[in-house]
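Structure assessment
Here is what each chain is made of, one letter per residue.
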Amino acid sequence: WHEEQRIATSLLYFVQGAIYRAEQQSAKALASLEKSMEIGGNETEKNCYDMMIGLYRDQQSPKKAIAVAERALSTGAATQGILDAYRLLQSAEGLDSVAIATKENTLRNKGRGVLSARIAREMLNQAPIDGALTTLDGKPLKISDWRGKVVIVDYWATWCGPCKQSFPSLQKLYERYKSNTNVVFAVVNVWERVEDRTKTVKDFLSTNKNLTFPMFIDKDDSVVAKYGVTGIPTKFYIGKDGRIQFKEVGFTPEEQFLEEATNRIEVLLAQ
């Protein structure tokens, strides 16, 4: 109970800081965000670090911004925005790319254990949701057929720009795990505005031969409805027991996506 109260209090200070920032009251915003970080510790909201870095950069305080970015990196809370800012700030301080990468890797390694704990806390632990999918060859199967494996379900459509934009990153993730028989990728086509969905997907793949991850069809959109999806792309990470543990909506920059997805998969594999 005390831990939950601590994290909730940290979030309240973060929200207060965000409001002050929107009102352009930078000093008050920084005071609230620093309080949020002080109380939150390793559980500090990721966006708190991002916001603080932006405010310190606005104030021409690069060393303070770097310190916040390093705190985020060493606690497994670095977003793509934080990484980009850290690299730019260190470059402006005169460090070359090799030195920056070395410092970054040292901080990341320091934060590995914290990151694993953070990921575990983010687990949704939602009850299994089954549903019937179809392969591009017309073979039916159920999501529950993959029980005992870690499953990544990605709902998409050919008309969805962010879906297609995310595919190169997803392909790299698939390449990383395709030889692991305990990991399943199910890229599920939904919400198509055509009668022959299979032909539409096959035509798409014929012009994107570099995409080799497994494709499936949700013929009547009944499965995606069960999952409560309201926008695509939406990914779900399912544990070996069939429970839904992570949900990811929208497009995430490649470097951040690969790191976060890999960490989630590794945590689920270890269960």
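These lines cover the structure that appears in this document, whether it is placed above or below.

Here we look at the packing of helix α8 (residues 161–177) against helix α11 (residues 254–269)
Their axes nearest at 10 Å, the elements α8 and α11 cross at an angle of 35°. Classified by chirality, the crossing of α11 by α8 is right-handed. On the side of α8, the interface is formed by P168, S169, L170, K172, L173, R176 and Y177, while α11 contributes E254, F257, L258, A261, T262, I265, E266 and L269.

Things to note about the nonpolar core
Judged by nonpolar contacts, the single largest core of 54 residues is most densely connected at W146, Y155, F167, L173, M215, Y227 and I265. Looking at this core element by element, the count peaks at seven residues for α11. Filtering out sequence-adjacent residues up to four positions away, Y155 remains in contact with C163, V188, V190, V223, V224, Y227, V229, I232, P233, T234 and F236. Among the nonpolar cores identified, the runner-up in size contains 27 residues, and Y49, I53, A78 and I82 belong to it.

A few points about the packing of aromatic side chains
Using the criterion set out here, one finds ten aromatic pairs in the structure. Between Y174 and F185, the ring centres sit 5.4 Å apart and the planes meet at 85°, which makes this aromatic pair edge-to-face. Separated by eleven residues along the polypeptide, Y174 in helix α8 and F185 in strand β4 (residues 183–189) bring together distant segments of the chain. In this pair, the class of Y174 matches that of F185, namely buried. Summarising the aromatic geometry, the rings of Y227 and F236 are spaced 4.9 Å apart at their centres and angled 65° between planes, so their arrangement reads as edge-to-face. For Y227, a relative accessible area of 6% corresponds to the buried category. Looking at F236, the relative accessible area reads 2%, which means it is buried.

Each value, and the rule that gives it
Residues numbered from 1 in each chain as written. Predicted model: local features only at pLDDT ≥ 70, side-chain atom pairs only at ≥ 80, totals over all residues. Heavy atoms only, no water. Axes fitted to C-alpha atoms, helices over the stretch in contact; angles between N-to-C directions. Helix = DSSP H or I, 4+ residues; strand = E, 2+ residues; numbered from the N terminus. Left-handed = near helix turned anticlockwise from the far one by under 90°. Contact = heavy atoms within 4.5 Å. Core = buried A, V, L, I, M, F, W, Y, C linked by side-chain atoms within 4.5 Å. Buried < 20%, exposed > 50% of the residue type's maximum accessible area, 1.4 Å probe, protein only. Phe/Tyr/Trp six-rings, centres within 6.5 Å; stacked < 30°, edge-to-face > 60°.

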